[in-house]
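For reference, the chains in residue letters:
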Amino acid sequence: MTGSRVFSPRWLALGGAAVLAAVLGVTLVLQNSGAACATPPSTTAKKGKATYFSLDGTLGNCSFPSPPADDLFVALGQHNQYSNGAACGTYIDVTGPKGKTRVKVIDSCPECPAGHLDLSLTAFKKIGAQSAGIIPITYKSVPGAAVPGPISVRVKEGSSQYWLSVLIDNHSNQLASVKIAGSGGSFKNASREDYNYWTIPSGAGKGPFKVKIADIYGNSVTVANIKLAVGKTQKTTAKLAGSVVRQPESAPAPATKKTTAATKKPTPKPTKTTAAPTPSATTAAAAPVVESTTVATTQPAQLDANLAADAPRCS
């Protein structure tokens, strides 16, 4: 699925891959559990290296029908940052010697170690000199980044009433789950492929379909009237991006209550995660493709590396 590339800068960088792997023991926390859940990415800036490549008219591994209109995109390491497709459609701010740019994740880079970002040539030239080939960078994930339009759904070629696979775009944040219901049927969980499609092996009937999309921050939206139109991108008016509730990263950690030695038979109270409140009422959308939009409010999420150990919520 990965497109053709201008390999020279990347392969030159890989001459020091062992050193990079040792020195750059940092990564965007873009983990995929193998199912639908993913851990919220860290927004702490990391140091790394950047090279550039060209798709040459082919698709990246995220399977988006075309690259972003501004030509600002990135490929991430296949076995770490790309995270089996969990990073697809998210955004990263990258700063280099000449400045800063924001890129969309649309591809994987099988040979890139953690901390090695392979940028589009347009993005690379915004932050460094093309003649350099390899440049030092800092980079960080951007939860809730602005997207160029509302949610779109593309039904994969080969789909039928017996096998269904869809591609979701313009969601900005990592997706936690996609559920699909056929006409008059109940929702079925789709599983994410490493090429960024969400598949129901048994299909969901002939359609039209309802598709419920949820991200890792608890935001969700349901779009309706998605037709079994293979190979076509169906636009909606639904929006999922930009809805990230979080505490400031500089906020101090809450003080922990300690039990003194003088306390007689202390009874420790285990901490429990409070369940997310009931989602707000559904708002009807105007466009025929969108049935409803529901944004579930979650507790403020601390988006630093400490959350890597917490279990993510999945809708």
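Residues numbered from 1 in each chain as written. Predicted model: local features only at pLDDT ≥ 70, side-chain atom pairs only at ≥ 80, totals over all residues. Heavy atoms only, no water.

Re the pairing of strand β8 (residues 164-169)
Quick note on the threshold: Between buried and exposed lies partly exposed: a residue is buried under 20% and exposed over 50% of the maximum accessible area for its type, with that area taken using a 1.4 Å probe on protein chains only. Numbering goes from the N terminus for both helices and strands, where a helix is a DSSP run of H or I of at least four residues and a strand is a run of E of at least two. At least two bridges found by DSSP between two strands is the condition for calling them paired.
Taking burial as the measure, the six residues of β8 include six buried ones, the bulk of the element. Taking every second residue as pointing to the same face, both faces of β8 are buried, with Leu164, Val166 and Ile168 on one and Ser165, Leu167 and Asp169 on the other. Pairing of β8 with strand β12 (residues 197-200) involves four bridges; the strand directions are antiparallel. Residue pairing for β12: Leu167 is matched across the bridge by Tyr197.

What about the sheet that holds strand β6 (residues 135-141)?
The condition that has to hold: An axis is simply a line fitted to the C-alpha atoms; with a helix, the fit covers only the stretch in contact. Between two such axes, the angle follows the N-to-C directions and lies from 0 to 180 degrees.
The strand order around the closed barrel formed by six strands is β1-β5-β2-β4-β3-β6, and the pairing between neighbours is mixed. Taken over all neighbouring pairs, the strand axes of this sheet differ in orientation by 45 degrees on average, direction set aside. Where strand β2 (residues 73-77) and strand β4 (residues 99-109) come together, five bridges link them in parallel fashion. Bridged to Gly77 within β4 is Cys109.

Overview of the packing of aromatic side chains
Just so we agree on the cut-off: The aromatic pairing rule takes the rings of Phe, Tyr and Trp, using the six-membered ring of Trp, and pairs them if the centres are within 6.5 Å, calling planes under 30 degrees apart stacked, those over 60 edge-to-face and the rest tilted. Placement of a positive charge over a ring is assigned whenever Lys NZ or Arg CZ falls within 6 Å of the ring centre and within 35 degrees of the normal to the ring plane.
Under the counting rule described, the total for this entry stands at three aromatic pairs. With 5.6 Å between their ring centres and 75 degrees between their planes, Phe53 and Phe73 make a pair best called edge-to-face. Of the two residues, Phe53 is situated in strand β1 (residues 46-53) and Phe73 in strand β2; the sequence distance between them amounts to 20 residues. As far as burial versus exposure is concerned, Phe53 and Phe73 are alike and both buried. When the ring centre of Phe64 is taken as reference, the NZ or CZ atom of Lys104 above it lies at 4.3 Å.

Considering the state of the cysteines
Applied cut-off: Cysteine sulfur atoms that come within 2.5 Å of each other are treated as a disulfide pair.
Scanning the model with the defined rule gives two disulfides in all. Put simply, Cys62 and Cys88 are joined by a disulfide, and their sulfur atoms are 2.1 Å apart. Linking Cys62 and Cys88, the disulfide has an S-S dihedral of approximately -85 degrees and is accordingly described as left-handed. Of the two residues, Cys62 is situated in the loop between β1 and β2 and Cys88 in the loop between β2 and β3 (91-96); the sequence distance between them amounts to 26 residues. Both residues of the pair, Cys62 and Cys88, belong to the buried class. What pairs with Cys109 in a disulfide is Cys112, and their sulfur atoms sit 2.0 Å apart. Here the S-S torsion is close to 65 degrees, and the disulfide linking Cys109 with Cys112 is therefore right-handed. Relative accessible area serves as the criterion here: at 4%, Cys112 is assigned to the buried category.

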